[in-house]
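Observations on chain architecture
One-letter residues, chain by chain:
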Amino acid sequence: MTTSTLPLTVGDTIPAWEVPITPTLVVSTAISTRDFQDVHHDRDIAQAAGSKDIFVNILTSTALVERYVTDWAHQRTGHWDTEVRGIAIRLGAPAYPYDTLTFTGSVESVEDGVATLEVTGAVSLGDHVIGTVKVAV
């Protein structure tokens with residue numbers, strides 16, 4: 001894989017990205033990641049388990065974090081070949097349908113050709129996902 005050159009400076013911010021959370025997004029991404037846990041597609045079961053509604057699964061949250069970073073890298077370089085070296089995330093508030101998941105991020109370090117980006121995805125209840133993504137620069 002060819003590595004794109006990303007001219008980055010510690011403190012650079014990544015423009016915000018808003019993702020409307022719809023029931024279709026929650027269900028279709030759970031199914032597409034082969035996560036058949038009923039709390040991701042059956043509102044009655046999710047509520048019986050103590051949840052307000054169905055909610056986004058961790059695989060979808062991870063994929064959205066990756067997309068946020070790679071789309072930003074593409075905008076900076078004009079290339080789609082960003083090499084993701086690692087993703088480490090922690091989940092917080094659930095992402096329910098009819099909310100908006102807003103991603104923000106910044107460059108925390110650039111060392112030995114690898115940039116570490118801090119990423120947060122927040123919903124109305126608070127931070128849904130917090131983590132770091134490492135990309136080759």
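Keep in mind that what you see is a predicted model, and the values were worked out from it rather than measured.

**Regarding the overall build of the chain**
Counting its regular elements, the chain contains three helices and five strands. Over its C-alpha atoms, taken along the principal directions, the chain stretches across nearly 50 × 30 × 20 Å. In the chain, buried positions account for 40% of the 137 residues. A sequence separation of at least 24 residues applies to 67% of the contacts in the chain between residues at least 6 apart. Charge centroids of the chain, computed over 8 positive and 17 negative side chains, lie 1 Å from each other.

**Points about the UniProt feature "domain: MaoC-like" (unreviewed entry) in the chain**
Residues annotated in UniProt with the feature "domain: MaoC-like" (unreviewed entry) correspond here to residues 18-123. Across residues 18-123 one finds 34% helix and 33% strand; the C-alpha atoms that close the span lie 10 Å apart.

**A closer look at the pairing of strand E5 (residues 126-136)**
A regular strand places its side chains on the two faces of the sheet in alternate fashion. Relative to E5, strand E2 (residues 84-91) runs antiparallel, the two being bridged by seven bridges. If you follow Ile 89 over to E5, its bridge partner there is Gly 131. From the end of strand E4 (residues 114-123) to the start of E5, which pair antiparallel, there are two residues.

**Digging into the nonpolar core**
Formed by 28 residues in total, the largest nonpolar core has its most connected members in Ile 21, Val 69, Trp 72, Leu 101, Phe 103, Leu 117 and Val 119. Looking at this core, the elements that each hand over two or more residues are strand E1 (13-21), helix H1 (23-32), helix H3 (58-77), strand E3 (99-111), E4 and E5. Per-element tally for this core: the top contributor is H3, with six residues. The residues contacting Trp 72, other than those within four sequence positions of it, are Leu 8, Thr 13, Ile 14, Pro 15, Val 107 and Leu 117.

**Considerations on the pattern of salt bridges**
Where charged atoms from two side chains of opposite charge approach closely, those side chains can pair. Counted according to the given criterion, the structure contains four salt bridges. One salt bridge in this structure joins Arg 67 and Asp 71, with 3.0 Å as the shortest N-O distance. Here Arg 67 and its partner Asp 71 are both found in helix H3, four residues apart, which amounts to about one turn of the helix. Arg 85 is the salt-bridge partner of Glu 83, the closest N and O atoms lying 2.9 Å from each other.

**With respect to the sheet that holds E1**
Taken together, five strands build an open sheet; the order of strands is E1-E3-E4-E5-E2 and the sheet is antiparallel. Sheet topology places E1 and E2 at the edges, where each strand pairs with a single neighbour. Each strand of the sheet is rotated relative to its neighbour by a mean of 20°, with strand direction disregarded. Bridge count between E1 and E3: seven bridges; the pairing is antiparallel. Within E3, the residue paired with Thr 13 across the bridge is Ser 106.

Parameters at a glance
- Residues numbered from 1 in each chain as written.
- Predicted model: local features only at pLDDT ≥ 70, side-chain atom pairs only at ≥ 80, totals over all residues.
- Heavy atoms only, no water.
- Helix = DSSP H or I, 4+ residues; strand = E, 2+ residues; numbered from the N terminus.
- Buried < 20%, exposed > 50% of the residue type's maximum accessible area, 1.4 Å probe, protein only.
- Contact = heavy atoms within 4.5 Å.
- Lys, Arg positive; Asp, Glu negative; His and termini not counted.
- Charge placed at Lys NZ, Arg CZ, Asp CG, Glu CD.
- UniProt positions renumbered as here; feature names shortened; annotations may be inferred.
- Pairing = 2+ DSSP bridges.
- Core = buried A, V, L, I, M, F, W, Y, C linked by side-chain atoms within 4.5 Å.
- Salt bridge = Lys/Arg side-chain N within 4 Å of Asp/Glu carboxyl O.
- Axes fitted to C-alpha atoms, helices over the stretch in contact; angles between N-to-C directions.

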